[in-house]
Amino acid sequence: MARTKGYPEALEKKLRDQRYYREDSDPEFLKKVRGISRTVAHMCYQCGTCTGSCPSAPRSTYRIRKFMRRAVLGLENEALTDPDLWLCTTCYSCSDRCPRDILPTDVIMAMRNLAFKRDIVPVNFLKTVQAIYSSGHGVPNNDVNRAARERLGLTRDPPTTHMYPEYIKGIQKILDHYKLKANADRIVKEREG
Ligand code: SF4
Ligand code: SF4
């Protein structure tokens, strides 16, 4: 980094040292990923079956095998700051086929958890937290759907927290326990003002 000091940011990025050094590796990262995902990420021998199964791979730069390597090598920063981390559809095809019985999907889930703890998270996840907090639903009902339900002979609201809002308090308690809503509000505010 010091080598390119003073260059414009884009050029600095291009000239960045691409080599891997032992000090880039934090073994705690693998431990954290294993602890959260409950899968044997360290057993990956990079066969590539996961990436070959992945529906996101042909249409993007997302490579699940690369994330597995990053887990094994303890490359926390590289993994958590990569926007591709959010392109996994959690289809579990890689987990179905891994010859080492690893669940790469759950490795991605663990990394997303760790990223969120560093405020690295797409805003749509935060908006979902806010929707669940206020209504108990990630996808709440609306007036167009209420009218459609009426035409179908249904109640305007389903027999969920929409019909029984007294249960929303309990949901809020769970989200508050994990400080999810407070963090979501804070990050949305920082991004959108
Ligand atoms: S399929 Fe399993 S062993 Fe093969 S690269 Fe992917 S995670 Fe590693
Ligand atoms: S679970 Fe995610 S990483 Fe695995 S194949 Fe599906 S989209 Fe790809």
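Refer to the structure printed above.
In this text the structure is predicted, and so the values were computed from the model without any measurement.

### Observations regarding the overall build of the protein chain
Part 1 of the reasoning: Within the protein chain, the regular secondary structure consists of 11 helices and 0 strands.
Part 2 of the reasoning: Along the protein chain, helices and strands appear, N-terminal first, in the series α-α-α-α-α-α-α-α-α-α-α.
Part 3 of the reasoning: In terms of C-alpha radius of gyration, the protein chain reaches 21 Å, well past the compact-globule figure of 16 Å for 193 residues.
Part 4 of the reasoning: By its C-alpha atoms, the protein chain is 65 × 45 × 35 Å across when sized along the principal axes.

### Focus on the pattern of salt bridges
Part 1 of the reasoning: All chains considered together, the criterion is met by 13 salt bridges.
Part 2 of the reasoning: Put simply, lysine 127 and glutamate 192 hold a salt bridge, and the shortest N to O gap is 3.2 Å. Residue lysine 127 is located in helix α8 (residues 123–135), and its partner glutamate 192 is located in helix α11 (residues 180–192); the two are separated by 65 residues in the primary sequence.
Part 3 of the reasoning: The class for glutamate 192 is partly exposed, based on a relative accessible area of 48%.
Part 4 of the reasoning: Linked by salt bridges that have partners in common, Lys32, Glu76 and Arg118 make up one network.

### Remarks on the site of ligand 2
Part 1 of the reasoning: In the region of ligand 2, the neighbouring residues are Cys54, Pro55, Tyr62, Ile64, Cys88, Thr89, Thr90, Cys91, Tyr92, Ser93, Cys94 and Thr105.
Part 2 of the reasoning: A per-class count over the shell around ligand 2 returns 8 nonpolar, 4 polar and no charged.

How each quantity is defined
Residues numbered from 1 in each chain as written. Chains lettered and ligands numbered in written order. Predicted model: local features only at pLDDT ≥ 70, side-chain atom pairs only at ≥ 80, totals over all residues. Heavy atoms only, no water. Helix = DSSP H or I, 4+ residues; strand = E, 2+ residues; numbered from the N terminus. Rg over C-alpha atoms; globule rule 2.2 N^0.38 Å. Salt bridge = Lys/Arg side-chain N within 4 Å of Asp/Glu carboxyl O. Buried < 20%, exposed > 50% of the residue type's maximum accessible area, 1.4 Å probe, protein only. Near = heavy atom within 4 Å. Nonpolar A, V, L, I, M, F, W, Y, C, P; charged D, E, K, R; others polar.

Interpretation in functional terms is not warranted from these geometric data alone.
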